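# Understanding the architecture of this molecule
Listed below are the residues making up each chain.
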Amino acid sequence: MKIIDSLRNLFRSAPVKKGSAAGYVAPSGLDFLFGLGTQTSPLAIPTAHRCVEVIAGIVSSLPLRVQHERDGLFVDRPTDRLTYLLNVQPSAALSAADFWATVVRRLLLEGNAYVLPIYDTSSYELLSLVLCGRGTVSHDTTRNMYSVNDLTAGVSGTYDESEILHFKHLTLDGKTGLSVVGYASQTLNIAGTGAAETYTRFANGGNVRGFVANGSGGRPFALGEYDAGELQRTAKSIDRQFSEGAKIVELPGQVDFRQVTMTSADMQFLETRKFTVYEICRFFGVPPSFVYSDTSNNYKSAENAYTDLLNLTLNPILHKIECELLRKLYPSEIAHRRRIVFDRREIYACDLESRVKYQTATVAAGLYTVNEWRAAENKPPVPGGDTPLVSANLRDLSLNPTTTDNGKEKQA
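Residues numbered from 1 in each chain as written. Predicted model: local features only at pLDDT ≥ 70, side-chain atom pairs only at ≥ 80, totals over all residues. Heavy atoms only, no water.

## Digging into the sheet that holds strand S2 (residues 73-76)
Operational definition: Pairing between strands requires that DSSP locate at least two bridges from one strand to the other. Secondary structure follows DSSP: runs of H or I at least 4 residues long count as helices, runs of E at least 2 residues long count as strands, and numbering of each begins at the N terminus. A fitted line through C-alpha atoms serves as each axis, taken over the contacting stretch for helices, and the angle formed by two N-to-C directions is quoted from 0 to 180°.
Overall, antiparallel pairing links the three strands, which are arranged S2-S1-S13 in an open sheet. Edge positions in the open sheet fall to S2 and strand S13 (338-342), since each of these has one partner strand only. Strand after strand, the sheet turns through a mean of 35 degrees between neighbouring axes, direction not considered. Pairing of strand S1 (residues 64-70) with S13, which is carried by five bridges, proceeds in the antiparallel orientation. Counterpart to Gln67 in the pairing with S13 is Arg339.

What follows is the structure, encoded as structure tokens:
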């Protein structure tokens, strides 16, 4: 029965056929993962591809910290088994970078990602985190049960809601996630149609368009005229010569070639494609500058765009993953004494100027010590670097201190 359900899910998620915009069906995530080069695939749309890779790339580059409470503070546990699984190798088939990148791609393109924790039956130690393949999980939202039948990963069975990690993107009922592809289908369809039309127009080097006809006005069987079959062969010959780079072609007999002029729709085609870029960016929550759109940016607007990406797009995704890991991997009795968090500081790992400014500000505010930041940068500690510092160059404006002979201040 499970095999039949798996096959049914596979065929239900088969790539859709190209249709009109009115009857368009959203392309599934299978088109993205396996339908490379197809017109319905989001991967064939540069803007959608770039948006997905920006989000997936940043999330997969952030380390996850597993922290335990000690004396009222949460401290890292670098030797914890879960730390290794989340940051190095969750399963035998995937590294942590590929694992989290794939999870985020499925969230954006399919709405749901399923991860099955595998435990040692004798010691209950967490052995691995298996990312279930697409179409291998059936979710019964009424009973909150999951049926898994992943032959590739070698896992199968029926699991309770608490036994499987279910990462969701946009959700309306809290149980099933919706993908960006699902609620942006019309915009992606327009972008895909525009990409296909661009390919059609420029595949032959931007040939002229037109039609051939009998020069005698179409009188039937006039001397020297071509019949329909001969006109078709002549049209193909002319098109082939233009495609091969010919500047001037010879027209046989009484054939007349008439070029079709550019319409207003043709002239607005490029503007429509530019507008579609912004529409796709709005759905994914990625600023247009991150997809190399030709927007006029200055330093301040670029900084604001980066802040918006972190706060409005990345942080909600990171928080959903953190919450799901904590509530499914730890029992409720000790969950309040555990934390699993992404190290958001690593977002600025390559922006050295912003990173140094942030480190300087935290040291000046007394939040971090010098040696704590040196340890984060893999530098040895320095004497006196464990003492918290605070900036003390500010005074109350209501005071008017004067200095006495012995060097002490007194109030004027």
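## Some points on the packing of aromatic side chains
So the rule is basically this: Here the aromatic set is Phe, Tyr and Trp, taking the six-membered ring for Trp, and pairing holds for ring centres within 6.5 Å; pairs whose planes are under 30 degrees apart are stacked, those over 60 apart are edge-to-face, and all others are tilted. Note on exposure labels: buried denotes an accessible area under 20% of the residue type's maximum, exposed denotes more than 50%, and partly exposed covers the range between, all computed with a 1.4 Å probe on protein chains only.
All told, the structure shown has seven aromatic pairs when counted by the stated rule. Summarising the aromatic geometry, the rings of Trp100 and Phe167 are spaced 6.2 Å apart at their centres and angled 65 degrees between planes, so their arrangement reads as edge-to-face. Taken together, the residues Trp100 in helix H5 (residues 96-109) and Phe167 in strand S8 (residues 165-168) connect sequence positions 67 residues apart. When its relative accessible area of 3% is taken as the criterion, Phe167 is described as buried. What links up through ring pairs into an aromatic cluster is the set Phe99, Trp100, Phe167 and Phe342.

## Notes on the pairing of strand S3 (residues 112-119)
By the criterion of burial, S3 is predominantly enclosed, with six of the eight residues buried. Bridge count between S3 and strand S4 (residues 126-131): five bridges; the pairing is antiparallel. The residue of S4 that forms the bridge with Ile118 is Ser128. What sits between the antiparallel neighbours S3 and S4 is a turn of six residues, in which Tyr124 has the positive phi angle 60 degrees.

## Quick look at the pattern of salt bridges
Operational definition: Any Lys or Arg side-chain nitrogen found within 4 Å of a carboxyl oxygen on Asp or Glu counts as a salt bridge.
Under the definition given, this model contains 16 salt bridges. A salt bridge links Glu322 to Arg344; the shortest N-O distance between them is 2.9 Å. In this pair, Glu322 sits in helix H11 (residues 299-329) while Arg344 sits in the loop between S13 and helix H12 (352-364), placing the two residues 22 residues apart along the sequence. Residues Glu324 and Arg327 are paired through a salt bridge, measuring 3.0 Å at the closest nitrogen-oxygen approach.

## Some words on the sheet that holds strand S5 (residues 137-140)
With antiparallel pairing, three strands are arranged side by side in an open sheet as S5-S6-S7. Two strands bound the open sheet, and with one partner strand each, they are S5 and strand S7 (155-160). On average, adjacent strands in this sheet sit at an angle of 10 degrees to one another, irrespective of strand direction. Relative to strand S6 (residues 145-150), S5 runs antiparallel, the two being bridged by four bridges. Considered in S6, the bridge of Val137 is made with Val148.

## Here we look at H5
Worth spelling out the cut-off: One less than the number of residues in a helix, times 1.5 Å, gives the span that helix is expected to have.
Over its 14 residues, H5 extends 20 Å from the first C-alpha to the last, a length consistent with the 20 Å expected when each residue adds 1.5 Å. Summarising burial for H5: eleven of the 14 residues are buried, a large majority. Every buried residue of H5 is accounted for by Ala96, Phe99, Trp100, Ala101, Thr102, Val103, Val104, Arg106, Leu107, Leu108 and Leu109.

## Points about the side chain of Thr362
We count it as follows: Whenever two N or O atoms come within 3.5 Å, that pair is a polar contact, provided that in protein one can donate a hydrogen and the other can accept it, and provided that, for residues adjacent in sequence, both atoms are side-chain atoms. Any two residues whose heavy atoms approach within 4.5 Å are treated as being in contact.
Structurally, Thr362 can be placed in helix H12. For Thr362, a relative accessible area of 5% corresponds to the buried category. A distance of 2.8 Å separates the side chain of Thr362 from the backbone oxygen of Gln359, its partner in a polar contact. Among residues more than four places away in sequence, those in contact with Thr362 are Leu367, Tyr368 and Trp373.

## With respect to the confidence of the model for the chain
Here is the rule we go by: pLDDT measures the predictor's confidence residue by residue and takes values from 0 up to 100.
Chain-level statistics for the chain give a pLDDT mean of 76 and a share of 65% at 70 or above. Taking the mean pLDDT of every element in the chain, the minimum, 40, falls on helix H2 (residues 29-34) and the maximum, 96, on S8. Ignoring residues within four places in sequence, the model shows residues 217-223, a span with pLDDT below 50, making five contacts including any to other chains.

## Considering the pairing of S1
Here S1 pairs with S2 via four bridges, running antiparallel. Residue pairing across strands places His68 opposite Val75, the latter belonging to S2.

## Points about the environment of Ile317
Mapped onto the fold, Ile317 is located in helix H11. Ile317 sits in the buried class, given a relative accessible area of 7%. Ignoring any residue separated from it by four or fewer positions in sequence, one finds Ile317 in contact with Ile55 and Leu107.

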